[in-house]
Number of protein chains: 2
Amino acid sequence: MTTTCATGQHDKHDVYAAQCPCRDVLDLLANKWSALAIGALEDGPRRFGALQRHLEGVSPKVLTATLRRLEDGGFVSRTVYPAVPPHVEYELTPLGRGVARPLAALRGWVEDHLHEIGPV
Amino acid sequence: MTTTCATGQHDKHDVYAAQCPCRDVLDLLANKWSALAIGALEDGPRRFGALQRHLEGVSPKVLTATLRRLEDGGFVSRTVYPAVPPHVEYELTPLGRGVARPLAALRGWVEDHLHEIGPV
DNA sequence: CTGTATCCATTGGGATACTG
DNA sequence: CAGTATCCCAATGGATACAG
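Residues numbered from 1 in each chain as written. Chains lettered and ligands numbered in written order. Predicted model: local features only at pLDDT ≥ 70, side-chain atom pairs only at ≥ 80, totals over all residues. Heavy atoms only, no water.

**Q** Residues and numbers for the pattern of salt bridges, please.
**A** Working definition: two side chains of opposite charge can pair if their charged atoms are close together. Within the structure shown, the criterion is met by four salt bridges over all chains. Among the ionic pairs, D27 of chain B bridges to K32 of chain A, the shortest N-O distance being 3.9 Å. Separated into two different chains, D27 of chain B in helix α1 (residues 22-29) and K32 of chain A in helix α2 (residues 32-40) make up a pair that spans both. A relative accessible area of 16% means that K32 of chain A is categorised as buried. For R107 of chain A, the salt bridge identified is with E42 of chain A, shortest N-O distance 3.5 Å. Of the two residues, R107 of chain A sits in helix α5 (residues 94-113) while E42 of chain A sits in the loop between α2 and β1 (46-47), which places them 65 residues apart along the sequence. (Salt bridge = Lys/Arg side-chain N within 4 Å of Asp/Glu carboxyl O. Helix = DSSP H or I, 4+ residues; strand = E, 2+ residues; numbered from the N terminus. Buried < 20%, exposed > 50% of the residue type's maximum accessible area, 1.4 Å probe, protein only.)

Written as structure tokens, this is what we have:
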């Protein structure tokens, strides 16, 4: 069965194809907050509050939305520890650890070359 | 002069710092259209129309805005060849070729692992 | 051919306030 | 603590149409 990029499965995928689902994935990952959130989880599980502090300036609403989308994509897992006060931990899945590398490379490149970059 | 991340210059930069200018740079690059546009220029200069066709589905307005921001950041150069009809070529600068690598890695990762990723 | 010019819909995202 | 609930705005982005 020669599946197309649009229908997904095992063919070649192409981010340049308008209807390829990988477009949506790229859109999810190639995003400031996602890139930062995934990076913040590289060293192990973190709680919501810790993430919010680490991603300076992110509002709870936006952080929640970001984490939910990453969870839906299978990049992040969310674990609730029944306790009071509530205790929730976010952690990278194996998939998340996989994509963390190219994202770390991108973040690193930006930090390393900022001095060569004009005012954006 | 011990410059801070906010004022830029030669200190350590941190994408996790709210006021660090590299946040804006990350925002510019960690973006679907930017990532695609830079990738489309990896193999050499391209004209506006060629880019528009290659980045399936992008409107001229959005493509122009994307290219302008990349030009401002110093990632892309824009060359006008005086002729009729107009002839304009976009090309990666050395800086653009530098960032093209982490971006290509990200695009490649998405294409390679799409089958493991849940519906986004 | 290479863009602007418009118009418009969506929404990402910021600020707070508040609740289980 | 970990969000949700609102409110609201600026901006992204899509679709055409049109101009130099």
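Further notes follow.
**Q** Any details on the packing of aromatic side chains? Residues and values, ideally.
**A** Applying the stated rule across the entire model yields two aromatic pairs over all chains. With centroids separated by 6.1 Å and ring planes inclined at 45°, the aromatic side chains of F75 of chain A and W109 of chain B adopt a geometry described as tilted. Of the two residues, F75 of chain A is situated in the loop between α4 (60-73) and β2 (76-81) and W109 of chain B in helix α5 (residues 94-113); the pairing between them involves two chains. With relative accessibility at 0%, the residue F75 of chain A sits in the buried group. (Phe/Tyr/Trp six-rings, centres within 6.5 Å; stacked < 30°, edge-to-face > 60°.)

**Q** Run through the protein's contact with DNA strand D, naming residues and quoting values.
**A** Lining the immediate surroundings of DNA strand D are 17 residues, of which R47, R68, R78 and Y90 of chain A together with K61 of chain B lie closest. Contact between DNA strand D and G49 of chain A: a phosphate oxygen at 3.0 Å from a main-chain N or O atom of the residue. Measuring from a base nitrogen of DNA strand D, one finds a side-chain N or O atom of K61 of chain A at 3.3 Å. Within the residue set of the surface near DNA strand D, elements represented by two or more residues are α3 (48-54), α4 and β3 (87-92) of chain A together with α4 (60-73) of chain B. Among the elements that line the surface near DNA strand D, the one with the most residues is α4 of chain A, at four residues. Here the residues of the surface near DNA strand D sort into nine nonpolar, three polar and five charged. (Near = heavy atom within 4 Å. Polar contact = N/O pair within 3.5 Å; in protein donor to acceptor, adjacent residues only side chain to side chain. Nonpolar A, V, L, I, M, F, W, Y, C, P; charged D, E, K, R; others polar.)

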